[in-house]
Amino acid sequence: MPSSSKYLCFIVSSGLTVMVAAALLHPLLPHLTTWHLLGAFHDSHTWVFRHLYDILSGSQPLSLATDGIGFPDRVELRAMGLFPALLALPFQPWMGALGSYNLVLLLSPGLAALAAALFFTRGLGMSRGVATGAALAYGLCPFALGAMASGQVAKLQHWLLPAFLWAISASMRSRRAWGGLAALALLLLMASFTAPSVVVFFPFAGLVWVTALLAASLLRAPAPGQKKAWRSGLLRILGILSVGGLALLPARQFYGDLRSGNGPQAFEPHVVQLDPSANPSPVARPETMLWQEVPAEHDPRQAIHVSYVGLPFILLALLLSIKPFPGRWRLWSLVVVGALLALGPRLVVGDSFFLVGGRTLALPLRYLEQLGFPTARTGMYYRAIIFCSLGLSGILGSALDALGWRRAWILAWLLGAAQLADGIRITRSLWPRPVEPVPAVDLLRDMARDPRQGAVLELPLESGTWEGGLGMLSAIYHQRATTSLPRQSRRYLPRVARLMALWERVGSSDDRGRAQQMLQDAGFRFVLWRPNDHDRREKLELYRSVLGVPVESDGLLLWTVDAARWGSSH
C-alpha cells in the first residue's frame, strides 16, 4: 500500500467496520436518541451509562451501592461495563443516555478493528495495508456480532485482547519495559472493570504469548548470550506476572457470592449448571465453531451466544502456514488454547456429551476448576472464542505478508471482507435487529414531575433479563427508584419473595385504602404493570379492585398510590 496512506488505511478499516455495524442496525439510525434495540442487555446497560453520568456529575454519590434499582433493598452494583460507560460520557449531555449507548454500540467494533490493526503492525510486524485488512474480520467477528445483537456492550470491548497482547510484547521486547508494564497494568485494570467474565481467560493468552516470545528471544540470542537472555526474559516475565496479577484483583469482586454482604448484587455472573441440551449453550461445540449457523427461530429478547470461527478459513490458514512466517506458532497456540477454553470443562457435541468408553471426555478446564479457577462461576466458556478469532486473523494476515507480494494488502482486504461476510451469513437471522420507541415516555416523564416522593413497583415482580432491563430503562425517564433488576425470581433473589409477599397481602385486602396504605408504607408512589395478553385478561379486574382505574399508555398501566384518597383505616 502506498506510503501516503500511512494513517488513512487505519481510519478506513475502522470506519468501514463501523459502517457495517450501522448497516446491520439500520432501523435504529433515524431514531438513535429515542428508540431502543430489543435484546437481553441493551436496556440495563443504558441505565448503567446514565448512573455513571449521574455519579460524575455529582447528582449521585460515588458508590457501588445504589437504591435506584432493586428497591427497597440497597443493591451492590458489579464492576463491569466501565470503559463503554466512560466512552459515552461526553455524548450524554446532548444525546442522552439512550443515544450515547446506541452510539457506543456502533463505535465499539471500529475500536476493536483499530486495536487489532495496531497490534498486527507493532506486535507482529505486519505491513500496514495487510494488517488493516486482516483487522476487518476481528472488529466484527461472529462473537462480536452476537454481543452486539444481545446488547452485551461490555463484551463488545474486544479491543482489550489485542491491546493486552501488544502490551506484553512491548514488555518483553523493548529496552525499557516499564512503558509496556504500565500499559499492561492500565489495560488489565480497565478490562477487570469492563468485562471480568472475559478477562478471566486473559492469563492463558498471556502465558502463550510470553512463552513464545521468550522462546523466540532465546533462539535469536547467540550462544555466549544465552544465559543473559534467559535471565532478562525471566525477569520480564516476573514483572508481567506481578503487574498482571495485581491489576486483575478488581475482577474478583465480580465473582463474589450473590447472597453475601448486606444486600442483593446486580449484574452478577450467571452461574450455569452445564446442560448439553440447554439453548443457548454456555460452551462452544465443534459444530458451532466450524459450520453451524445461528438458528432462524429465536427470541430476539434473549441472549445470543455465537462461537463460530469458520472451517474454510481454518483450512486456508493451515494451508498458508506450510511456509514459515513470523509469529506462526505463537498465533496457532492462541487459536488452540482459545478453542480448548471455549469448549468448556467437558466436550459437548450436538445435544449430548461426547463419550469415550462410556465416560465424558474431560477437557483441561475441568481440572483447573477443580483447583479453584473461577470460570464455573461465569458459566460462559464460549467467550474465549475471541482468542481464535484474533489468532486466525493474525495467521492469515502474517502468512499473506510473508509472501512478499507487492499487492498482498489487496488480498488481505479481500480475505478480511470475506471473513466478515461469512460471519454475517452465519448470524443472518439476527439482522436487522428489531427496534421500537421507549414505551410511554410521556407518561414516565409525568411520573418524574409528580411532587410526592416514592418508588415504582414494577409488575410482574418475577421477570427475566429483558423485562427487568426495560424497567431500568423506564427509570431513566421517571427518575424514581424501581424494583426492577435483571433476572428476578424467588429462587434467584430472596428479595423477590419479600416483594411478592407484600403484593399478596395487598391483593388479598378487601379495604382499598388499607391496600394503598401498605404500598405507601413500603415506600411506593406508583405501580407500573406491563401485562401480556394472558395476564391482562386474568388479572386486570383484580388489580382494578385493589388499586382503582389505571392510566394506560403504549400497553403500560399505571396506578398512583395514594392511601388518603381512598380513606385508609390505617
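Placed above this text is the structure.
Starting from 1, residues in each chain are numbered consecutively following that chain's sequence as written. With the structure being a predicted model, the display of local features is reserved for residues of pLDDT at least 70 and the display and counting of side-chain atom pairs for 80 or more, all residues being used for whole-chain, interface and lining totals. Water and hydrogen atoms play no part in the side-chain values, which are based on all heavy atoms of the structure.

### Description of the nonpolar core
Quick note on the threshold: We call a set of buried Ala, Val, Leu, Ile, Met, Phe, Trp, Tyr and Cys residues a nonpolar core when their side-chain atoms join them within 4.5 Å. Exposure is judged per residue with a 1.4 Å probe applied to protein chains only, and the accessible area is read against the type maximum: over 50% gives exposed, under 20% gives buried, and values in between give partly exposed. For the purposes of this entry, the term helix denotes a DSSP run of H or I that reaches at least four residues, the term strand denotes a run of E that reaches at least two, and both are numbered from the N terminus.
Among the nonpolar cores identified, the biggest contains 115 residues, and Phe120, Met148, Leu161 and Phe387 are the most heavily contacted of them. Per-element tally for this core: the top contributor is helix α4 (residues 92-122), with 12 residues.

### Topic: helix α18 (residues 441-449)
Owing to its 3.6 residues per turn, the α-helix aligns residues three or four sequence positions apart on the same side. Stated formally: The arc in question is the one traced by the directions running from the helix axis out to the C-beta atoms. A contact between two residues is defined here by any heavy atoms of the two lying within 4.5 Å.
Of the positions making up α18, those classed as buried are Val441, Leu443, Leu444 and Met447. Along the long axis of α18, the arc covered by the buried residues comes to 165 degrees, so they all point the same way. Across from the buried face of α18, at angles greater than 90 degrees, the exposed residues are Asp442 and Arg449. Tucked inside the fold, the buried residues of α18 contact β10 (455-459), α19 (465-478), β11 (524-529), β12 (551-553) and β13 (556-560).

### A few points about the side chain of glutamate 369
Going by this rule: His is not counted here, nor are the chain ends, while Lys and Arg score as positive and Asp and Glu score as negative. Every case where a carboxyl oxygen of Asp or Glu lies within 4 Å of a side-chain nitrogen of Lys or Arg is listed as a salt bridge.
With respect to the helices and strands, the residue glutamate 369 is situated in helix α15 (residues 364-370). Buried within the structure, glutamate 369 lacks any salt-bridge partner; arginine 366 is the closest side chain of opposite charge, at an N-O distance of 7.2 Å. Dropping the residues within four chain positions of it, glutamate 369 is found in contact with Pro345, Thr375, Ala376 and Tyr381.

### Things to note about helix α6 (residues 142-150)
Counting buried positions along α6 gives nine out of nine residues, so the element sits mostly inside the fold. Among all positions of α6, only Pro142, Phe143, Ala144, Leu145, Gly146, Ala147, Met148, Ala149 and Ser150 are buried. On its buried face, α6 sits against α1 (8-24), α2 (42-57), α4, α5 (128-139), α16 (385-402) and α17 (408-426). Phi for glycine 151, located one or two positions after α6, is positive at around 85 degrees.

### Things to note about the sheet that holds β10
To keep things clear, this is the line we draw: In this description, strands pair whenever DSSP reports at least two bridges between them. Note on method: axes are straight lines fitted to C-alpha atoms, helices fitted across the in-contact stretch only, with angles between N-to-C directions ranging 0 to 180 degrees.
On the basis of which strands lie adjacent, the open sheet formed by four strands has the order β10-β11-β13-β12 and mixed pairing. Two strands in the sheet have a free side with no partner beyond their single neighbour: β10 and β12. Sheet twist, expressed as the average angle between the axes of neighbouring strands with direction ignored, equals 25 degrees. Where β11 and β13 come together, four bridges link them in antiparallel fashion. When the bridges of β13 are listed, tryptophan 529 appears paired with leucine 557.

### A word on unusual backbone geometry
Here phenylalanine 71 and proline 72 are connected by a cis peptide whose omega angle stands at 15 degrees. Look at the link from tryptophan 431 to proline 432: it is a cis peptide, with omega at -10 degrees. Inspection of the secondary structure puts proline 432 in the loop between α17 and β9 (435-437). Not every positive phi belongs to a glycine, and alanine 440 is a case in point at roughly 55 degrees. In this structure, glutamine 479 is a non-glycine residue whose phi angle is positive, near 55 degrees. Along the chain, glutamine 479 falls in the loop between α19 and α20 (494-508).

### A word on the pattern of salt bridges
Scanning all chains against the criterion turns up 12 salt bridges. In this structure, arginine 449 and aspartate 446 form a salt bridge, with 2.4 Å as the shortest nitrogen-oxygen distance. Here the residue arginine 449 and the residue aspartate 446 both occupy positions in helix α18, the gap between them amounting to three residues, near one helical turn. Each of Glu293, Asp422, Arg425 and Arg428 takes part in a single network of salt bridges with overlapping partners.

### Thoughts on the packing of helix α13 (residues 311-320) against α16
In plain terms, the rule: By the definition adopted for this analysis, an angle is roughly parallel if under 35 degrees, roughly antiparallel if over 145, roughly perpendicular if from 65 to 115, and oblique otherwise. For a crossing to be left-handed, the near helix must be turned anticlockwise from the far one by less than a right angle; the clockwise case is right-handed.
The contact between α13 and α16 brings their axes to 9 Å, and the two run at 40 degrees. Judged by the inter-axis angle, α13 sits oblique to α16. Once α13 is placed against α16, the crossing between them reads as left-handed. Contacts between α13 and α16 pair Phe313, Ile314, Leu316, Ala317 and Leu320 from the former with Leu392, Ile395, Leu396 and Ala399 from the latter.

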